[in-house]
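Report on the structure
Each chain is listed here by its residues.
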Amino acid sequence: HSPDVDVFSTKATYLYELDEQGTMYTVSKHPSPPVSCITGDGEDVLPLILERDGITTSGNEFQWDTLELDLGDLSSAEEIKLIMAGTIIYSTGEEQGEWAEQFWNKPGEKPFPPPYMEVKDAEGNWIPVPDNRQFPLLDVTPHCFAVNLTGLFSTDDYSLRIHTFFNTEFDYIGVDTTTQQNVAIHEIKVSNAELRQAFIANSTSTGNFTRYGNVTELLQEADDKFVIMRQGDEIIIRFSADLPPVPEGMERDYFFVASVWFKVPGLPY
């Protein structure tokens, strides 16, 4: 890609069937800040999300938190993207299990509802954006990702609400309105992968875990064939270095793409 832009991926999530999972977006190296950012309690947290510096907003678990953003006058923008960095702080599996047990006889109620965004309609009412364009669940590490908002605003009021139920902390939020540039994507599949034990854990997990050794074939495609690991295991992965040269005047970024599930100890499912 051109060296005058940064490249960010969307954030994948299992909670929604998002239209653009895996899309790579080019964005300005200097996105604009929101005009304002306040919590549902009216606290001004704009200074906390202006830089990727580890100084974050705070959240709560098992209750809704809200960030309300004013993105400014974007009426002339052909594309609108949020550039975000944040993380989720999870409680223990035992605590999550105790919370989930309250819902065993409440069909239709979700003990862990997914995050969601809202925009304003012509009457000024807050309405959720479509499920296929919703807000993803963040990771336990503070990755930076892009959220495409193009076409979600039906008026010239570019206000946005982000609601989260887990303890979600936002480190950075920027607004990008630059036009998408061409990006050449080269997919490099795993050339070798070895599963082994990294350390002895205090795990009491039992079951049919994948045998140690070469697991390359299991990591070639995102399918229903998994490397099933227990606590203390690791996979050593190698990729081929046989890549086409970077064209003059361009630069290359690397993205590590993984399809992964995990189970939290103590949950009743």
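Further up the page is the structure itself.
What counts as what
Residues numbered from 1 in each chain as written. Predicted model: local features only at pLDDT ≥ 70, side-chain atom pairs only at ≥ 80, totals over all residues. Heavy atoms only, no water. Buried < 20%, exposed > 50% of the residue type's maximum accessible area, 1.4 Å probe, protein only. Helix = DSSP H or I, 4+ residues; strand = E, 2+ residues; numbered from the N terminus. Arc of directions from axis to C-beta. Lys, Arg positive; Asp, Glu negative; His and termini not counted. Salt bridge = Lys/Arg side-chain N within 4 Å of Asp/Glu carboxyl O. Polar contact = N/O pair within 3.5 Å; in protein donor to acceptor, adjacent residues only side chain to side chain. Contact = heavy atoms within 4.5 Å. Core = buried A, V, L, I, M, F, W, Y, C linked by side-chain atoms within 4.5 Å. Pairing = 2+ DSSP bridges. Axes fitted to C-alpha atoms, helices over the stretch in contact; angles between N-to-C directions.

Overview of helix α1 (residues 93-101)
Turning to α1, its buried residues number three or more, namely Gly93, Gln96, Gly97 and Ala100. The arc enclosing the buried residues of α1, seen along the axis, measures out at 105°, which places them on a common side.

With respect to the side chain of Asp65
Looking at the element boundaries, Asp65 is found in strand β4 (residues 65-70). Among buried Asp, Glu, Lys and Arg side chains, Asp65 stands out as unpaired, with Arg161 the closest opposite charge at 13 Å. Separated by 2.5 Å, the side chain of Asp65 and the backbone nitrogen of Asn60 make a polar contact. Those residues in contact with Asp65, other than ones at most four positions away along the chain, are Gly59, Asn60, Ile162, His163, Thr164 and Phe166.

With respect to the pattern of salt bridges
Applying the stated criterion across every chain yields a total of 10 salt bridges. Close ionic contact of Arg161 with Glu68 constitutes a salt bridge, the shortest N to O distance being 3.3 Å. Taken as a pair, Arg161 in strand β9 (residues 159-164) and Glu68 in strand β4 lie far apart in primary sequence, 93 residues in all. Salt-bridge contacts for Glu221 lead to Lys189; the nearest nitrogen and oxygen are separated by 2.4 Å. Highlighted residues: Glu221 in the loop between β12 (213-214) and β13 (233-239) and Lys189 in the loop between β10 (168-176) and β11 (190-197), separated in sequence by 32 residues. We classify Glu221 as partly exposed; its relative accessible area is 46%.

Brief notes about the nonpolar core
Leu71, Leu82, Met84, Met117, Phe135 and Leu149 are the most contacted members of the largest nonpolar core, which totals 34 residues. Of all the secondary structure elements, the ones that give two or more residues to this core are β4, β5 (81-88), β6 (116-120), β8 (144-148), β9 and β10. If you look at the next biggest cluster of nonpolar residues, it comprises eight residues, including Val27, Ile83, Cys144 and Tyr172.

A look at the sheet that holds strand β3 (residues 36-39)
Pairing within the open sheet is antiparallel, and its five strands lie in the order β3-β4-β9-β6-β7. Because the sheet does not close on itself, it has two edges, and the strands there are β3 and β7 (126-128). Across the sheet, the mean angle from the axis of one strand to that of its neighbour is 25°, orientation sign disregarded. Summarising the sheet, β4 and β9 pair through six bridges and their orientation is antiparallel. Its bridge partner being in β9, Leu69 is matched across the sheet by Leu160.

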